[in-house]
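Chain by chain, the residues:
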Amino acid sequence: MKTLSVVIPVYNALEHLKITLQSLVNNTDSLREIIIVDDASKKETKDFIEGLTMREDMGVDLIKITLKNHSWTNAAWNKGVAHATQEYVAVINSDITLSPHWDTHLIYKLQKATIACPMENRNGVLTELDPVI
């Protein structure tokens, strides 16, 4: 089985982050590593991230990176990707809901292309991926 690191840059938006994490854990088949990059969030979000843990039986590592100054999304992506250790890496926003087996489709497409672009339906749910190059 292919293994996946998922990078999530976070800047506040705590309630969205909770939904994203729940859908990530419930709908990702090859998940082995979650990398949360806190981009200098406010206290409530920062405290939530600091308190996050993963159940040992899930076999998923949780890496938390805290940026001292707000660096914006691209810098947070880069910091997270630099810490990824798995075969494949996906970067998702902290305010999406993932559909079941989204990663299986992503990895399949990546085996045929260099990069894949996610497509969203009207409800903000990641539903399909298209190869780019």
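Look up: the structure comes first, before these words.
Below is a summary of the structure that appears in this document. (Residues numbered from 1 in each chain as written. Predicted model: local features only at pLDDT ≥ 70, side-chain atom pairs only at ≥ 80, totals over all residues. Heavy atoms only, no water.)

### Remarks on the overall build of the protein chain
Consideration 1: Looking only at helices and strands, the protein chain features four helices and seven strands.
Consideration 2: The order of α-helices and β-strands along the protein chain, N terminus first, is β-α-β-α-β-α-β-β-α-β-β.
Consideration 3: The buried share of the protein chain, reckoned over its 133 residues, is 40%.
Consideration 4: A fraction of 70% describes how many contacts in the protein chain between residues 6 or more apart in sequence connect residues 24 or more apart.
Consideration 5: Total accessible area computed for the protein chain in this model is approximately 7800 Å², and 51% of it derives from carbon and sulfur atoms. (Helix = DSSP H or I, 4+ residues; strand = E, 2+ residues; numbered from the N terminus. Buried < 20%, exposed > 50% of the residue type's maximum accessible area, 1.4 Å probe, protein only. Contact = heavy atoms within 4.5 Å. Areas by Shrake-Rupley, 256 points an atom, 1.4 Å probe, with all protein chains shown as cover.)

### What to know about helix α1 (residues 14–27)
Consideration 1: In this model α1 runs 20 Å from its N-terminal to its C-terminal C-alpha over 14 residues, within 8% of the 20 Å that 1.5 Å per residue would give.
Consideration 2: Listed as buried for α1 are Leu14, Leu17, Thr20, Leu21, Ser23, Leu24 and Asn27. (Expected span 1.5 Å × (residues − 1).)

### A look at a nonpolar patch on the surface
Consideration 1: A surface patch of nonpolar side chains, amounting to about 270 Å² of accessible area, comprises Trp77, Val81, Val89 and Val91.
Consideration 2: Counting only elements with at least two residues in the nonpolar patch, the list comes to α3 (72–83) and β4 (88–91).
Consideration 3: When its relative accessible area of 31% is taken as the criterion, Trp77 is described as partly exposed. (Patch = residues over 30% accessible without salt bridge, like charges linked within 9 Å, V, L, I, M, F, W, Y side chains within 5 Å. Salt bridge = Lys/Arg side-chain N within 4 Å of Asp/Glu carboxyl O.)

### Quick word on the nonpolar core
Where a protein is soluble and globular, its nonpolar side chains tend to be buried together.
Consideration 1: Ranked by internal contacts, the top residues of the largest apolar core, which has 22 residues, are Val6, Ile8, Leu24, Ile34, Ile92 and Trp102.
Consideration 2: Of all the secondary structure elements, the ones that give two or more residues to this core are β1 (4–10), α1, β2 (31–38), β4 and α4 (102–110).
Consideration 3: Excluding anything up to four places from it in sequence, Ile8 contacts Leu17, Leu21, Leu24, Ile34, Ile35, Ile36, Val37, Ile92, Asn93 and Ser94.
Consideration 4: Counting residues in hydrophobic clusters, the runner-up holds six residues, among them Val7, Ile35, Ile65 and Ala76. (Core = buried A, V, L, I, M, F, W, Y, C linked by side-chain atoms within 4.5 Å.)

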